[in-house]
Amino acid sequence: MRTLRVALAQINTTVGDLTGNARLITDAIGQARELGADIVAVPELALTGYPPEDLLLRRSFVEENVRILHERIVPATAGIAAVVGFVDLEDDIYNAAAVMHDGRLAGRYHKQFLPNYGVFDEERYFQRGTQSPVFRLAGVHVAVNICEDIWYTDGPTRAQSRAGAEVVININGSPYHRGKGHERERMIATRASDNSVIVCYVNQVGGQDELVLDGHSVIYDERGVLVARAPQFDEHLLLADLDAESVWQSRLHDPRYRKERREQRDDPSTPTITVTDAPGGARNRQPVVPTIQPTLGPLAETYEALVLGVRDYMRKTGFTVAGVALSGGIDSALVAAIAVDALGPQNVIGVSMPSRFSSEGSKTDAAALAERLGIKFMALPIEKPFAAYLDVLAAPFADTQFGTAEENLQARVRGNLMMALSNKFGWLVLTTGNKSELATGYATLYGDMAGGFAVIKDVPKTLVWQLARHRNARAGTDVIPRSIIEKPPSAELRPGQLDTDSLPPYDILDPILEAYVEQDRSPEEIVALGYDEATVRRVVRLVDVNEYKRRQAPPGIKITPRAFGRDRRLPIATRPQP
């Protein structure tokens, strides 16, 4: 039998940390070698970290990544082959994969399909590759391509399989959004079965600024059947023995493959490069039983993405302690719970800042939440600074009614206090606004929007409630007090205030926002779905006129296909729809 033992290393790299990333890569190579792997693959741009963005415009950075590849990583491949994502520098720069074996660079692959949509800007940086080489390794023909390349039916995977590749290793930096993992698996299964090729898909794991990369590396055989799956949101080395003979047998029964391969045979863009003819070690080692980790449910995977996003943002920016303003409401409760799961209760501080309008229930709920989470809690009533502001503004505000300006003063006092605590003690302030509020501008600039990281800025309000219930169900107890989940949402900035005074009920608002923001439907199309026309036009206008607020919001975790900032980019100075 011709077997190939493949190791897929889903590692958590840090953008710009070439030395640290090289250490992670060489550690993965060493671990794979100890397990008898013939070849190990790490994710796309693993050496630079993903995505490196405008660091790529610094020639010294690109040159250093090439130097480290040659001086530290290539020598680490003694006795094993490795596929490593890096930035190649030739006539231009390329999103590349280095194929190494036994201390030498055997070849390179340059990414051909450069995504330039959503969160991706690869046309801004990279040149497109033109070659689709196949590498002969231990009697097995192995092809390498990168991320977007495998999403195209007529892309490199097809050309490489027709050129004889029996195994395709696809290295990735594929960001998470809800349901993305299942989309990937459907695509990979299709690509494998359509090309009678084993597909090994390795993805990065970890948070990087607003992105979370979920790992979820998989191997599908030539029939489109799942062979192995790594866990979501954790570093992992996925190991499997691949049977190249089964690919050969499958192709013998497919005359279409034989015809297409004949047409591909003399194509100069698909050269075969011999890495080594020495047989693999399968004859001298015990077979590996590949693992298939279960996937998480929709709420569990979303929650874990938020936890990982907070943990890595803190770690990679050098913060150790997070501060959360606890209002007694559902949003701040969920953010505090996520922070505790990401950082540990000893590294989270809850701050209650009641005003003259705060209900007794909100004050006791904030304290109860802190106690159940096991975090330090402090209460800083804002009546004195709020009254001082009103006194200073008494003359210009004379003969006017108490309104939005006075309401927002309370939020801004709270923002000042949180940022003062941050300055004094080095906390990172986690803001607590959700996507529904950010979409409609139901948030105060320099008030509740003040902070360093917006944990749930891409989480609609209705999903906030679902995630809070999920967190309690996971704990088997009401870590988030039931009174917080069940109370009507209110900013409590004036007597008797409710969110529904300013916004439609969230079960109506959120579907309208999804249609307008996520799906780019017109107001007329949304009305045709059965929503009240006046309500739709009011919501659309709120979204349009509040772009200026969103531009000033802190970064936050992307969990939907269309997050504000990274995905949805609209002008501020524009004429909104009527």
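A quick note: this is a predicted structure, and the numbers were derived from the prediction, not measured.

A.B. asks: Is there a simple way to explain the overall build of the protein in this structure?
C.D. replies: Scanning the protein from N- to C-terminus turns up 18 helices and 20 strands. With respect to the principal axes defined by its C-alpha atoms, the protein has extents near 90 × 50 × 50 Å. Sorting the 578 residues of the protein into buried and exposed places 57% on the buried side. Contacts in the protein between residues far apart in sequence, at least 24 positions, make up 75% of those at least 6 positions apart. By element, 51% of the accessible surface of the protein is carried by carbon and sulfur atoms, the whole surface being about 23,400 Å². Across the protein, the centroid of the 65 positively charged side chains sits 1 Å from that of the 74 negatively charged ones.

A.B. asks: Which parts of the structure should I look at to understand the pairing of strand 10 (residues 205–208)?
C.D. replies: Within a regular beta strand, the side chains point alternately toward one face of the sheet and then the other, so they alternate between its two faces. Neither face of strand 10 is exposed, since Val205 and Gly207 on one face and Gly206 and Gln208 on the opposite face are all buried. Two elements, strand 10 and strand 11 (residues 211–214), share four bridges in a ladder whose sense is antiparallel. Looking across to strand 11, one finds that glutamine 208 is bridged to leucine 211. Between strand 10 and strand 11, which pair antiparallel and follow one another directly, the connecting turn spans two residues, one of which, aspartate 209, has a positive phi of 55°.

A.B. asks: Would you mind showing me how to read the packing of aromatic side chains here?
C.D. replies: Aromatic ring pairs are defined here through the distance separating the ring centres and the angle between the ring planes. All told, the structure shown has eight aromatic pairs when counted by the stated rule. On the numbers, 4.0 Å between centres and 15° between planes, the contact of phenylalanine 113 with tyrosine 152 is stacked. Of this pair, phenylalanine 113 sits in the loop between strand 5 (104–110) and strand 6 (134–137) while tyrosine 152 sits in the loop between strand 7 (140–146) and helix 3 (156–162), and the two are 39 residues apart along the sequence. Taking relative accessible area as the criterion, phenylalanine 113 reaches 22% and is therefore assigned partly exposed. When the ring of tyrosine 176 is compared with that of phenylalanine 233, the centres are 5.5 Å apart and the planes differ by 70°; the resulting orientation is edge-to-face. Of this pair, tyrosine 176 sits in the loop between strand 8 (167–172) and helix 4 (180–195) while phenylalanine 233 sits in the loop between strand 13 (226–229) and strand 14 (236–243), placing them 57 residues apart in sequence. Here tyrosine 176 matches phenylalanine 233 in class, with each residue buried. One residue, lysine 435, lies across the ring of phenylalanine 564, its end atom 5.5 Å from the ring centre. The ring of tryptophan 465 carries lysine 461 above its face, with NZ or CZ at 5.4 Å from the centroid.

A.B. asks: Just to check I follow, could you spell out helix 15 (residues 506–518) for this structure?
C.D. replies: Spacing of three or four residues puts side chains on the same side of an α-helix, whose turn is 3.6 residues. If you check which residues of helix 15 are buried, you get Tyr506, Leu509, Asp510, Ile512, Leu513, Ala515, Tyr516 and Val517. Buried residues along helix 15 sit in contact with helix 12 (435–440), helix 13 (461–475), helix 16 (523–528) and helix 17 (533–545). Of the residues trailing helix 15, aspartate 520 is marked for its positive phi of about 55°.

A.B. asks: Would you mind going over the sheet that holds strand 18 (residues 376–379) with me for this structure?
C.D. replies: Each strand in a sheet pairs with another by means of backbone hydrogen bonds, the pair being arranged parallel or else antiparallel. Read from one edge of the open sheet, five strands run 18-17-16-19-20, paired in parallel fashion. The outermost strands of the open sheet, each flanked by one partner alone, are strand 18 and strand 20 (453–454). For strand 16 (residues 322–325) and strand 19 (residues 428–431), the ladder comprises three bridges, and the chain directions are parallel. Looking at the pairing, valine 324 lines up with leucine 430 of strand 19.

A.B. asks: What's the story with the sheet that holds strand 4 (residues 93–101) in this structure? I'm lost.
C.D. replies: The strand order across the open sheet formed by six strands is 5-4-3-2-1-14, and the pairing between neighbours is mixed. A strand with exactly one partner marks an edge of an open sheet, and here the two such strands are strand 5 and strand 14. Strand-to-strand twist in this sheet, taken as the mean axis angle between neighbours without regard to direction, amounts to 30°. Pairing of strand 4 with strand 5 involves six bridges; the strand directions are antiparallel.

A.B. asks: I would appreciate a short explanation of the pairing of strand 6 in the present structure.
C.D. replies: Sheet topology places strand 6 next to strand 7; four bridges connect them, and they run antiparallel. Bridging across to strand 7, phenylalanine 135 finds its partner in valine 142. Where strand 6 meets strand 15 (residues 272–276), four bridges bridge the pair, whose relative direction is parallel. Counterpart to phenylalanine 135 in the pairing with strand 15 is isoleucine 273.

A.B. asks: When you look at the pattern of salt bridges in this model, what are you seeing that I'm missing?
C.D. replies: A side chain of one charge can pair with a side chain of the opposite charge if their charged atoms are brought near each other. Within the structure shown, the criterion is met by 40 salt bridges. With a closest N to O distance of 2.8 Å, arginine 59 and glutamate 63 form a salt bridge. Within this pair, arginine 59 and its partner glutamate 63 are both found in helix 2 (residues 59–73), separated by four residues, close to a single helical turn.

A.B. asks: Where do I start with the environment of glutamine 497 in this structure?
C.D. replies: Tracing the sequence through the fold places glutamine 497 in the loop between helix 14 (482–486) and helix 15. Between the C-alpha atom of glutamine 497 and that of valine 140, which follows or precedes it by 357 residues, the distance is 69 Å. For glutamine 497, the residues in contact, after removing those within four places along its chain, are Glu407, Tyr442, Ser490, Ala491 and Glu492. Among the polar contacts listed, one links the side chain of glutamine 497 to the backbone nitrogen of leucine 493, at a separation of 2.8 Å.

A.B. asks: So what exactly am I meant to see when it comes to the nonpolar core here?
C.D. replies: If you look at soluble globular proteins, the nonpolar side chains tend to sit buried side by side. Counting 70 residues, the largest nonpolar core has Val310, Ile338, Leu430 and Val455 as its most contacted members. Ranked by the residues each element gives to this core, the list is headed by helix 8 (residues 330–343), at eleven residues. Core analysis: the next-biggest nonpolar cluster, separate from the first, contains 34 residues, Leu4, Ala81, Tyr109 and Leu242 among them.

So, how was this worked out
- Throughout this document, residue positions are counted from 1 along each chain, in the order its sequence is written.
- Local features in this predicted model are restricted to residues whose pLDDT is 70 or higher, and side-chain atom pairs enter the listing and the counts only when it is 80 or higher, whereas totals over whole chains, interfaces and linings include all residues.
- Hydrogens and waters are ignored; side-chain quantities use all the structure's heavy atoms.
- To qualify as a helix, a DSSP run of H or I must reach at least 4 residues; to qualify as a strand, a run of E must reach at least 2; elements of each kind are numbered from the N terminus.
- Burial status follows relative accessibility: with a 1.4 Å probe on protein chains alone, a residue under 20% of its type maximum counts as buried, one over 50% as exposed, and anything between as partly exposed.
- Two residues form a contact once any of their heavy atoms are found within 4.5 Å.
- Methods summary: accessible areas were calculated by the Shrake-Rupley approach with a probe of 1.4 Å, and residue burial reflects only the protein chains presented.
- Counted as positive: Lys and Arg. Counted as negative: Asp and Glu. His and the chain ends are not counted at all.
- The atom standing in for a charge is NZ when the residue is Lys, CZ when it is Arg, CG when it is Asp and CD when it is Glu.
- At least two DSSP bridges between two strands are required for those strands to pair.
- Ring pairs shown here join Phe, Tyr and Trp side chains whose ring centres sit within 6.5 Å, with only the six-membered ring taken for Trp; geometry is labelled stacked below 30 degrees between planes, edge-to-face above 60, and tilted in between.
- Should the NZ of a Lys or the CZ of an Arg lie within 6 Å of a ring centre and within 35 degrees of the ring normal, that charge is described as sitting over the ring.
- Angular values range over 0 to 180 degrees, each being the angle between N-to-C directions of two axes fitted as lines to C-alpha atoms, with helices fitted over their stretch in contact.
- The salt bridge criterion pairs a side-chain nitrogen of Lys or Arg with a carboxyl oxygen of Asp or Glu, the two atoms within 4 Å.
- Polar contact is the term for a pair of N or O atoms within 3.5 Å; when the atoms are in protein, one must be able to donate a hydrogen and the other to accept it, and sequence-neighboring residues count only if both atoms are side-chain atoms.
- The set of buried Ala, Val, Leu, Ile, Met, Phe, Trp, Tyr and Cys residues whose side-chain atoms join them within 4.5 Å is what this entry labels a nonpolar core.

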